[in-house]
Amino acid sequence: GSEMCIRDSYVSEALMLTGDLNVASIEWVTQYKIADPVKYLFKVRNVDQTFRDMNEAVLREIIGDRTINEVLTVGRGEIQSLAKDKLSKLCEDYTLGIVVRQVILQDVSPPDAVKPAFNEVNQAEQEKETTIQTALAANN
């Protein structure tokens, strides 16, 4: 028979607030498969929108618990696996018939409007560090 072609990855982008009240533009891909077509088709009305909403809610919650630095640097892997776990649980609870394979953060950046300011702050912090190191060296 002919295979039904079902999309198996969902791409999204949203502005999100971090725990230290910075705004980040988060772009992510969720890879999933439809494990139970009956549940997928009949259990939840508008399953695609529900899945989208879940994705965004889960990421907002996780990003909201972290600092901008964690989100931009070291926290990526942890955020991805936590998102996959939370999303998987929600899909089970709501019997969507979807199995989440992976959540991948594509791009995390300060939003365009604040990029210049963000870069200036980073540069200022680096210059401060350099100044401190130079002063310490001179002191010794």
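The rules behind these values
- Residues numbered from 1 in each chain as written.
- Predicted model: local features only at pLDDT ≥ 70, side-chain atom pairs only at ≥ 80, totals over all residues.
- Heavy atoms only, no water.
- Pairing = 2+ DSSP bridges.
- Helix = DSSP H or I, 4+ residues; strand = E, 2+ residues; numbered from the N terminus.
- Axes fitted to C-alpha atoms, helices over the stretch in contact; angles between N-to-C directions.
- Core = buried A, V, L, I, M, F, W, Y, C linked by side-chain atoms within 4.5 Å.
- Buried < 20%, exposed > 50% of the residue type's maximum accessible area, 1.4 Å probe, protein only.
- Salt bridge = Lys/Arg side-chain N within 4 Å of Asp/Glu carboxyl O.
- pLDDT = per-residue confidence, 0-100.
- Contact = heavy atoms within 4.5 Å.

1. Looking at the sheet that holds strand β2 (residues 23-34)
Then comes step 1: Here we have three strands laid out as an open sheet, ordered β1-β2-β3, and antiparallel in their pairing. Strands with a single pairing partner mark the edges of an open sheet, and in this sheet they are β1 (9-17) and β3 (98-109). Between one strand and the next, the sheet's axes are offset by a mean angle of 25°, whatever the strand orientation.
Then comes step 2: Judged from the nine bridges that link them, β1 and β2 form a sheet pairing that is antiparallel. Along β2, the bridge assignment pairs leucine 15 with serine 25.

2. Comments concerning the nonpolar core
Then comes step 1: Within the largest apolar cluster, 30 residues are counted, with the highest numbers of intra-cluster contacts made by Ile26, Trp28, Phe51, Leu96 and Ile98.
Then comes step 2: Secondary-structure elements contributing two or more residues to this core are β1, β2, α2 (47-63), α3 (68-72), α4 (76-93) and β3.
Then comes step 3: Of all the elements, α2 adds the most residues to this core, at seven residues.

3. As for the pattern of salt bridges
Then comes step 1: By the definition in use, this model includes six salt bridges.
Then comes step 2: The partner of aspartate 8 in a salt bridge is arginine 101, with the nearest N and O atoms 4.0 Å apart. With aspartate 8 in the segment before β1 and arginine 101 in strand β3, the pair connects residues that are 93 residues apart, well separated along the chain.
Then comes step 3: Judged by relative accessible area, which is 39%, aspartate 8 ranks as partly exposed.
Then comes step 4: Relative accessible area serves as the criterion here: at 44%, arginine 101 is assigned to the partly exposed category.
Then comes step 5: A salt bridge links lysine 89 to aspartate 93; its shortest N-O distance comes to 3.1 Å. Taken together, the positions of lysine 89 and aspartate 93, both in helix α4 and four residues apart, correspond to about one turn of that helix.
Then comes step 6: Taking relative accessible area as the criterion, aspartate 93 reaches 48% and is therefore assigned partly exposed.

4. Thoughts on the confidence of the model for the protein chain
Then comes step 1: Per-residue confidence for the protein chain gives a mean pLDDT of 87, with 89% of residues at or over 70.
Then comes step 2: Note that residues 1-5 has pLDDT below 50 and, in this model, zero contacts with residues that lie over four places away or in other chains.

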